[in-house]
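Residues per chain are reported as follows:
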Amino acid sequence: MRFTESARTLSLTCIFAIGLAGRPGLAQEPIDLDDFEVTFTEDFDQLDVSAWGQNRSRWIAHTPWNGDFGDARFHDPEEGFPFTVNAGILRIEARKGADGQWRSGLLASTNPKGEGFAQQFGYFEARMQLPPGKGVWPAFWLIGLDRSTFTAEIDVIEYYGRAPGEFSSGYHVWRQGEGAQHTTDGHLTTVEDGVLSNEYHTYGVEITPGRSTFYLDRKSIWSFETPPEFHMPFFPLVNLALGPGWPIDETPNPSYLLVDYIHVYKRKAQSAEN
């Protein structure tokens, strides 16, 4: 839900108007990571980030296409804001300044030149504790590396603080051109009120050539048939945005998203084939 403001509005309408919460889910099948090998490890013992990939930093602090979204501007990293790391935990802070403007943080593992980490197929996972309060909009999501004719997006988790008993997952193909038909679908997962902001949980998705499956605490919650547009490398992003379209006049100032790690895996059988 990040490509453009109009695309974000379209996808929100699709997700909340179709009644996805009533769809039958999967049988809570767990993912067995013994079948995988780690290909990307970010444990936030330190943070290698720059605004746009200066000195080939591991992370940049904006979307590679320079597309802000929501009601807080994503801020270049500076001492103590919007990113801090302590004891292996990344803290992304959203803060309202003296000028009345909200600023916050985003990390992307690929820079505008397409340099950085991206992987075709595999399991992408983040362990996070979400911020409480109306107006917060944290997310862990993936973008397809080739955006020349369309943008492929997978939202592993999007959380709206106004609804502390649920979060959404979804996927999108944003096609270019006047009148282009977009593909979008999603799922709403209900949880106990407040549990996502009181505890750490893992949020993951496995992309395979045939099917992609979402996981909460490594138990399956929803899957979809992998579209051909997703047969490319994807790169991870994590952020604390505000909005989207919901009032932020009651948003706690400051608000914090805590991220324990971001890990990416590839199935051992897939590695052997390659």
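In what follows, the structure referred to is the one given above.
Thresholds applied
Residues numbered from 1 in each chain as written. Predicted model: local features only at pLDDT ≥ 70, side-chain atom pairs only at ≥ 80, totals over all residues. Heavy atoms only, no water. Helix = DSSP H or I, 4+ residues; strand = E, 2+ residues; numbered from the N terminus. Buried < 20%, exposed > 50% of the residue type's maximum accessible area, 1.4 Å probe, protein only. Contact = heavy atoms within 4.5 Å. Areas by Shrake-Rupley, 256 points an atom, 1.4 Å probe, with all protein chains shown as cover. Phe/Tyr/Trp six-rings, centres within 6.5 Å; stacked < 30°, edge-to-face > 60°. Core = buried A, V, L, I, M, F, W, Y, C linked by side-chain atoms within 4.5 Å. Pairing = 2+ DSSP bridges.

So, the overall build of the chain
Step number 1: A tally of helices and strands in the chain yields three helices and 19 strands.
Step number 2: Per-residue burial for the chain yields a buried fraction of 55% across its 274 residues.
Step number 3: Pairs at least 24 residues apart make up 69% of the contacts formed inside the chain by residues separated by at least 6 positions.
Step number 4: Just so you have it, the chain exposes about 11,800 Å², and 46% of that area is on carbon and sulfur atoms.

Considerations on the packing of aromatic side chains
Step number 1: Considering all chains together, one arrives at 21 aromatic pairs under this definition.
Step number 2: Residues F40 and W59 carry aromatic rings whose centres are separated by 5.9 Å and whose planes lie at 80° to one another, so their mutual orientation is edge-to-face. Here F40, found in strand β1 (residues 36-42), pairs with W59, found in strand β3 (residues 59-60); they are 19 residues apart in sequence, far enough to count as distant. Pair check on accessibility: F40 and W59 agree, each one buried.
Step number 3: For the ring pair Y171 and F224, a centre distance of 3.9 Å and an interplane angle of 15° mean the geometry is stacked. Note that Y171 is positioned in strand β13 (residues 166-175) and F224 in strand β17 (residues 219-225), a separation of 53 residues in sequence.
Step number 4: Overall, the relative accessible area of 4% leaves F224 in the buried class.
Step number 5: Connected via pairs of aromatic rings, a cluster forms that spans W65, F69, F74, W137, W141 and Y160.

Notes on the nonpolar core
Step number 1: Core analysis: the largest hydrophobic core is formed by 52 residues, its most contacted members being M128 and F140.
Step number 2: Counting residues per element, this core draws most heavily on strand β12 (residues 150-158), which supplies five residues.
Step number 3: With residues near it in sequence (within four places) discarded, F140 still touches F124, E125, A126, M128, D155, V156, I157, Y203, P236, L237, V238 and I262.
Step number 4: In this structure, I60, W65, I143 and A241 belong to the second largest nonpolar core, which totals 14 residues.

A word on the pairing of β13
Step number 1: Counting buried residues along β13, eight of its 10 residues qualify, which places the element largely inside the surrounding structure.
Step number 2: Alignment of β12 against β13, held across seven bridges, turns out to be antiparallel. Directly across from D155, in β13, lies its bridge partner G170.
Step number 3: With eight bridges connecting them, β13 and strand β14 (residues 183-190) associate as antiparallel partners. Opposite F167, over in β14, you have T189 as the bridge partner.

Concerning the environment of V173
Step number 1: Position of V173 among the secondary structure elements: in strand β13.
Step number 2: Relative accessible area serves as the criterion here: at 1%, V173 is assigned to the buried category.
Step number 3: Sequence-wise, V173 and F230 are 57 residues apart; in three dimensions their C-alpha atoms are separated by 8.8 Å.
Step number 4: With near-sequence residues (within four places) excluded, V173 lies in contact with F150, T151, H182, T183, E229 and F230.

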